[in-house]
Structure formats: C-alpha cells, structure tokens
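Residue-level structure breakdown
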Protein chains: 2
Amino acid sequence: MMESAQVVKALAALAQPTRLATYRLLVACGPEGMMAGQIAEKLNASAATMSFHFKTLSHAGLIERRQEGRFIYYTANFAVMNGLVAYLTENCCGGNFELCNEKNVNHFNQEN
Amino acid sequence: MMESAQVVKALAALAQPTRLATYRLLVACGPEGMMAGQIAEKLNASAATMSFHFKTLSHAGLIERRQEGRFIYYTANFAVMNGLVAYLTENCCGGNFELCNEKNVNHFNQEN
DNA sequence: GCATTGTTTTAATAATTATTTAATAATGGA
DNA sequence: TCCATTATTAAATAATTATTAAAACAATGC
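Presented here is a report on the structure given in the accompanying data block.

Time to look at the protein's contact with DNA strand C. DNA strand C sits among 22 residues. The nearest are Gly37(A), Ser51(A), Gln16(B), Ala48(B) and Gly69(B). Put simply, the parts of the chain that give the surface near DNA strand C at least two residues each are helix 3 (36–42), helix 4 (47–59) and strand 3 (71–76) of chain A together with helix 4 (47–59) of chain B. The biggest single contributor to the surface near DNA strand C is helix 4 of chain A, with five residues.

Okay, here's the thing in structure tokens:
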C-alpha cells in the first residue's frame, strides 16, 4: 500500500491541466509510450515547459522514461496509478457489503 | 464523462494530507458519513481548519453535507470518484486488448 | 564538426494555500 | 428567552508553490 505523502505527491502532479493531459495521453499510448517532442507538439507546449512537467510527473512515479537512439520516450506507470486508486478507495463502506451495495449502487468494493 | 477542469479541481482538493485523510475517512464511513466535529477530532485539526477543508472538498464535488439536528454530517460522493478514476484511465492502451494485456499484466482496461 | 533533440538552470513573476483568532450563525434544551 | 453547543465565515498573516521563458548544457548520430 502506498503511503499518504506519496499519494499526495501523485495527486498534486496530476492536478494541473497540461500534466493531466500528458498522463492521459501516455495511458492511451500503452507500453510503447510517446516521444517527448511529439507530446509537446500534441499539447502545444514548449519543450522546456514539458521538461518541467515531465520531471514533476516522474518525481511522483507516474511516468517513466526510456531512451531510444536520440529520442526519449515517456510511458505511464500503471502500477502507481493502480496503487493510487486503491489508496483512495480502500476500505469503502468499512468493507460492509450491505452498505456498499445499498440501493443497487456499488461504490468501490471489489467484492460486489 | 467529466471534463478536465473538474478533474483538476478534484485532484487538487485531494492533494493535501488533511483533506486526503478526510476523504478516505468518509469513504470508509459509507453512506452514513461522519459529523464534522468527530472528523476534526479524529484528524487532530481545529474546527475552523476543517471547515476550510470541507469547503474545498465540497466545491470539488467530492463530499456532500447533510444536517441532522444541530450536527452536520459529511459523506463521500462516490459517483464523482468513479468519474475521476474513469477519466484518468480512459482509453487505456488505445483500447487495444493485445497491448493492455501484455505480459499478463492488465492495466485499466475493463474488458480484461 | 554540426544539426537535431532534449534537459537543466536561472530568474522573475504570479498565484495559491494553509493556519489561527475572533466574530457570526443556527440549533435545541432548560 | 437565554445559553451552551456546533459549525461556518472573515480577516490577517505567513509560507509555499507553481509557472514560464530564455539561455546554457548535454548527448546522439550523420
């Protein structure tokens, strides 16, 4: 289980429009990822600005980099996102099936 | 589907230790929620500070309030959290089953 | 060597954020 | 009606944080 400080850092990293768009783009790209320059182009941001945002996302563990020739590819780190979601939804309704399934609405409980 | 600005607001609201703890506490409480004063006590924060944080979380749509006598109960809004997670994980691996299921590791694709 | 690609640093600016104290509001019981 | 309880709001302060551009720096491969 992730710890609070790590989750706060990840949430703060995603709480910015360009970084949120970057992350979603990388999620959609899958394991292959996308080149830094191409991401900058897609999001209409300068390379320097993107570098700053990449650093923030990397520091939070949300993305990873991979060098191929002279290009740098970024990919989403799916494990960290899964950990983040698990942390947020942990122990939903105290694990009480009755409450969590109330009115045919499931909340976050995996058992439903 | 939620829009980017709304998601950014929700993520920013959660990206603070006391508010993150508040939200998780309310998720665990389920539909009944918890009284404002009890939350403040549990988290060792003053009523005024908590009121500020409640407002931030409410404004982001993450929690809701309910008055009972002279007490105010707060509850987690599960729908907004589900929307937030859906937004973050949308179109994982471009919806490509092969990629998303690579190496027996599922990412976010619901179809897996 | 040189063009390309990307990162880091610097610096200036701008905006936000959190906290406390004190005042205000609303409720319900005596 | 008066008072204790509960919670929000306002004001002031302090601290933090984020953002971007420009320029220097580094690495790659032809």
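Structure's up, so let's keep going.
Right, let's get into the relation of the copies chain B and chain A. Rotating chain B by 180° and translating it 0.0 Å along the rotation axis places it on chain A, where the RMSD comes to 0.1 Å. Between the two chains, the operation in question is that of a two-fold axis. Both copies contact each other with a shared surface, as 100% of the interface residues of chain B are interface residues in chain A too.

In this section: the environment of Glu68(B). Within the secondary structure layout, Glu68(B) lies in strand 2 (residues 63–68). Residues Glu68(B) and Asn96(B) lie 28 residues apart in sequence; the distance between their C-alpha atoms is 49 Å.

Okay, the pairing of strand 3 (residues 71–76) of chain B next. All names here are of chain B. Bridge analysis of strand 1 (residues 34–35) against strand 3 gives two bridges, and the strand direction is antiparallel. Residue Met34 lies in a different strand from strand 3, and its bridge partner there is Tyr74. Pairing analysis gives six bridges linking strand 2 to strand 3, with the strands arranged antiparallel. Residue Glu68 lies in a different strand from strand 3, and its bridge partner there is Phe71. Between strand 2 and strand 3, which pair antiparallel and follow one another directly, the connecting turn spans two residues, one of which, Gly69, has a positive phi of 60°.

A separate point is helix 4 of chain A. Residue and element names in this part refer to chain A. Along its 13 residues, helix 4 runs 18 Å from first to last C-alpha, staying within 8% of the 18 Å computed at 1.5 Å per residue. Buried residues along helix 4 sit against helix 1 (4–14), helix 2 (17–29), helix 3, strand 2 (63–68) and strand 3. Phi turns positive one or two residues past the end of helix 4, at Gly61, with a value near 80°.

What follows covers the sheet that holds strand 1 (residues 34–35) of chain A. Spatially, the three strands line up as an open sheet ordered 1-3-2 (chain A), and their pairing is antiparallel. Of all strands in the sheet, those with a lone pairing partner are strand 1 and strand 2 of chain A, marking the two edges.

Cut-offs and rules
- Residues numbered from 1 in each chain as written.
- Chains lettered and ligands numbered in written order.
- Predicted model: local features only at pLDDT ≥ 70, side-chain atom pairs only at ≥ 80, totals over all residues.
- Near = placed C-beta within 6 Å.
- Helix = DSSP H or I, 4+ residues; strand = E, 2+ residues; numbered from the N terminus.
- Least-squares fit on C-alpha atoms with pLDDT ≥ 70 in both.
- Contact = placed C-beta atoms within 7 Å.
- Pairing = 2+ DSSP bridges.
- Expected span 1.5 Å × (residues − 1).

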